[in-house]
Amino acid sequence: MADQPRSKIVSELFIGIMSGTSLDGIDVVLADFSAAPRLLASHSIPMPQDLVAQLLALNTPGFDDLRLAQEASVAVTRLYAEATCALLDKSAITAQEIQAIGCHGQTVRHRPQDGYTLQLQQPALLAELTGISVAADFRSRDIAAGGQGAPLVPAFHQCVLGDAQEHRAVLNLGGIANVTQLKPGAPVIGFDTGPANILMDAWCQQHSKQRFDAHGAWARSGQVDGVLLTRCLSHPFFAAKPPKSCGREEFSLAWLTTQLGGKEATADVQATLAELTALSAASAIKAWYGAPERLLLCGGGARNDFLRERIALHLPGVRVERSDVLGVPGDWLEAFAFAWLAYRLWHHLPGNLPEVTGATGLRLLGAIYPA
Ligand SMILES: Nc1ncnc2c1ncn2[C@@H]1O[C@H](COP(=O)(O)OP(=O)(O)OP(=O)(O)O)[C@@H](O)[C@H]1O
Ligand SMILES: [Mg+2]
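The structure contained in this document is the topic of the report that follows.

Parameters at a glance
Residues numbered from 1 in each chain as written. Chains lettered and ligands numbered in written order. Predicted model: local features only at pLDDT ≥ 70, side-chain atom pairs only at ≥ 80, totals over all residues. Heavy atoms only, no water. Helix = DSSP H or I, 4+ residues; strand = E, 2+ residues; numbered from the N terminus. Rg over C-alpha atoms; globule rule 2.2 N^0.38 Å. Contact = heavy atoms within 4.5 Å. Areas by Shrake-Rupley, 256 points an atom, 1.4 Å probe, with all protein chains shown as cover. Lys, Arg positive; Asp, Glu negative; His and termini not counted. Charge placed at Lys NZ, Arg CZ, Asp CG, Glu CD. Near = heavy atom within 4 Å. Polar contact = N/O pair within 3.5 Å; in protein donor to acceptor, adjacent residues only side chain to side chain. Nonpolar A, V, L, I, M, F, W, Y, C, P; charged D, E, K, R; others polar. Axes fitted to C-alpha atoms, helices over the stretch in contact; angles between N-to-C directions. Left-handed = near helix turned anticlockwise from the far one by under 90°. Salt bridge = Lys/Arg side-chain N within 4 Å of Asp/Glu carboxyl O. Buried < 20%, exposed > 50% of the residue type's maximum accessible area, 1.4 Å probe, protein only. Pairing = 2+ DSSP bridges.

Some points on the overall build of the protein
Counting secondary structure elements, the protein contains 14 helices and 13 strands. For the protein, whose C-alpha radius of gyration is 20 Å, the value lies close to the compact-globule estimate of 21 Å for 371 residues. Its C-alpha atoms give the protein principal-axis dimensions of about 75 × 55 × 40 Å. Within the protein, residue pairs in contact and separated by at least 24 positions form 68% of the contacts whose partners lie at least 6 positions apart. Summing over all exposed atoms, the protein offers an accessible surface of approximately 15,900 Å²; the carbon and sulfur share of this is 54%. Distance between charge centroids for the protein: 4 Å, based on 29 positive and 35 negative side chains.

Describing the site of ligand 1
Surveying the vicinity of ligand 1 reveals 23 residues, the closest of which are Ser22, Asp201, Arg211, His215 and Gly300. Between Asp24 and ligand 1, the recorded distance is 3.1 Å, taken from a side-chain N or O atom to an oxygen atom. Between an oxygen atom of ligand 1 and a side-chain N or O atom of Asn172, the distance comes to 2.9 Å. Alone, ligand 1 offers 650 Å² of accessible surface; in the complex the protein occludes 89% of this. Of all the secondary-structure elements, those providing two or more residues to the shell around ligand 1 are β8 (168–173) and α6 (197–207). A breakdown of the residues in the shell around ligand 1 according to their chemical character gives five nonpolar, 12 polar and six charged.

Thoughts on the packing of helix α2 (residues 65–91) against helix α3 (residues 123–130)
How two helices pack is summed up by the angle between their axes together with the distance between the axes. Between α2 and α3, the least distance of the axes is 9 Å, while the angle of their chain directions is 35°. At the point where α2 passes α3, the crossing takes the right-handed sense. In this structure, α2 contributes Val74, Thr77, Arg78, Tyr80, Ala81 and Thr84 to the contact, and α3 contributes Leu125, Leu126, Leu129 and Thr130. Along the lines of polarity and charge, the residues of the contact of α2 with α3 split into six nonpolar, three polar and one charged.

Focus: the pattern of salt bridges
All told, the structure shown has 14 salt bridges when counted by the stated rule. Two residues, Arg310 and Glu275, come together in a salt bridge whose shortest N-O distance is 2.7 Å. On the criterion of sequence distance, the pair formed by Arg310 in helix α12 (residues 305–314) and Glu275 in helix α11 (residues 266–287) is long-range, its members being 35 residues apart. Residue class for Arg310 comes out partly exposed when judged on its relative accessible area of 22%. A salt bridge links Asp324 to Arg322, with the shortest nitrogen-to-oxygen separation between them at 3.9 Å. Note on Arg322: relative accessible area 24%, which makes it partly exposed. By sharing partners, the salt bridges in this structure join Asp163, Glu166, Arg168, Arg294, Arg319 and Glu321 into a single network.

Re the pairing of strand β7 (residues 133–136)
Of the two faces of β7, both are covered, the one formed by Ser133 and Ala135 as well as the one formed by Val134 and Ala136. Bridge count for strand β4 (residues 100–103) against β7 is three bridges, and the pairing is parallel. Among the inter-strand pairings, Gly102 is bridged to a residue of β7, identified as Ala135. As judged from the three bridges shared by β7 and strand β13 (residues 367–369), these two strands associate in the antiparallel manner. By the bridge assignment, Val134 is partnered in β13 with Tyr369.

Considerations on the sheet that holds strand β12 (residues 319–322)
Backbone-to-backbone hydrogen bonds join strands into a sheet, with any given pair of strands oriented parallel or antiparallel. The five strands are arranged β10-β9-β8-β11-β12 in an open sheet whose pairing can be described as mixed. Among the strands making up the open sheet, the edge pair consists of β10 (189–195) and β12. On average, adjacent strands in this sheet sit at an angle of 20° to one another, irrespective of strand direction. Both β8 and strand β11 (residues 294–298) contribute to a ladder of five bridges, which runs parallel. Its bridge partner lying in β11, Val170 is registered against Leu296. With respect to the sheet, α12 is in contact with β8, β11 and β12, its orientation differing from that of β8 by roughly 145°.

What follows is the structure, given as structure tokens:
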């Protein structure tokens, strides 16, 4: 038998690191992009409580911010390096085999209307600690080109969850909720729909001493407060047209406090916050391209059974499932996306979708700090 031609297998290994607005932890993945994107390994480490407090404080102006921000960025970068090393250890892969790390950094400001966004991290230190090249600062080039700098994941959603026949939408339920509409033959649309876990987590931490409302059990025990819900929905962000993005600037415990009448039962507030997320996301999905055939959920909020049920209730006839059913683990999708954005930059390929972010054109996103 003649020898089979030996095709040279070139691996395209990248690492993605994500720590989102929920401040729950650091997610790191190892992915291969030599063919269709493949998730090879994942690892997560919790964010230490003192660092959570430091980072939360940095979301609002305070004394000696410049020093505190730099100190927090060094601390968070050391954790990124620790998570990366743990991931490499458990996958038996060496740093030399990785092309680059795509690191999102920790958002403490997002003000595209003023021309900037700020993700704390020290990419030079990460390159030094890991011995791997680091791609970072993905959002600012899109903002420089007139865009929102967010969301950046829709291009990746299209790549791994798009379908030629089925009209799909992807809803990421992280700290903030963002949707991507993937309608065959139509341009991709993606935008933030409002708060997901940031408000529910904050209320839960303040009143139930739990970090989050596991499976939405506490919210389920309460009643939706119609007056509070209407008041919350009157926030101008919900009526604004995309492209749009939001963060703790718009939706914080301080904002929630101004919406409360003062007599609401705490469980009712939790139920109302879950409903706020479900209703605002479902309405936003229907408003642009109409309801999809299938809605794929990802992010930590996809584990919230009550929230999932409420979303499905507002989208009758839509198959609502976690993205895991299509082989794309929803817990790791964001980190996977930043590995992909690093791969795009590494090969001088654009990472943004101008129709999503509002930028004036396609751009190479981020900067590389060589190993
Ligand atoms: N079993 C669960 N039940 C309910 N909520 C959960 C569960 N597991 C996780 N969560 C929620 O998911 C949150 C974390 O989600 P995720 O990591 O996707 O958000 P993130 O880090 O803010 O990311 P993003 O960048 O997308 O905003 C937790 O803070 C918690 O509120
Ligand atoms: Mg997270």
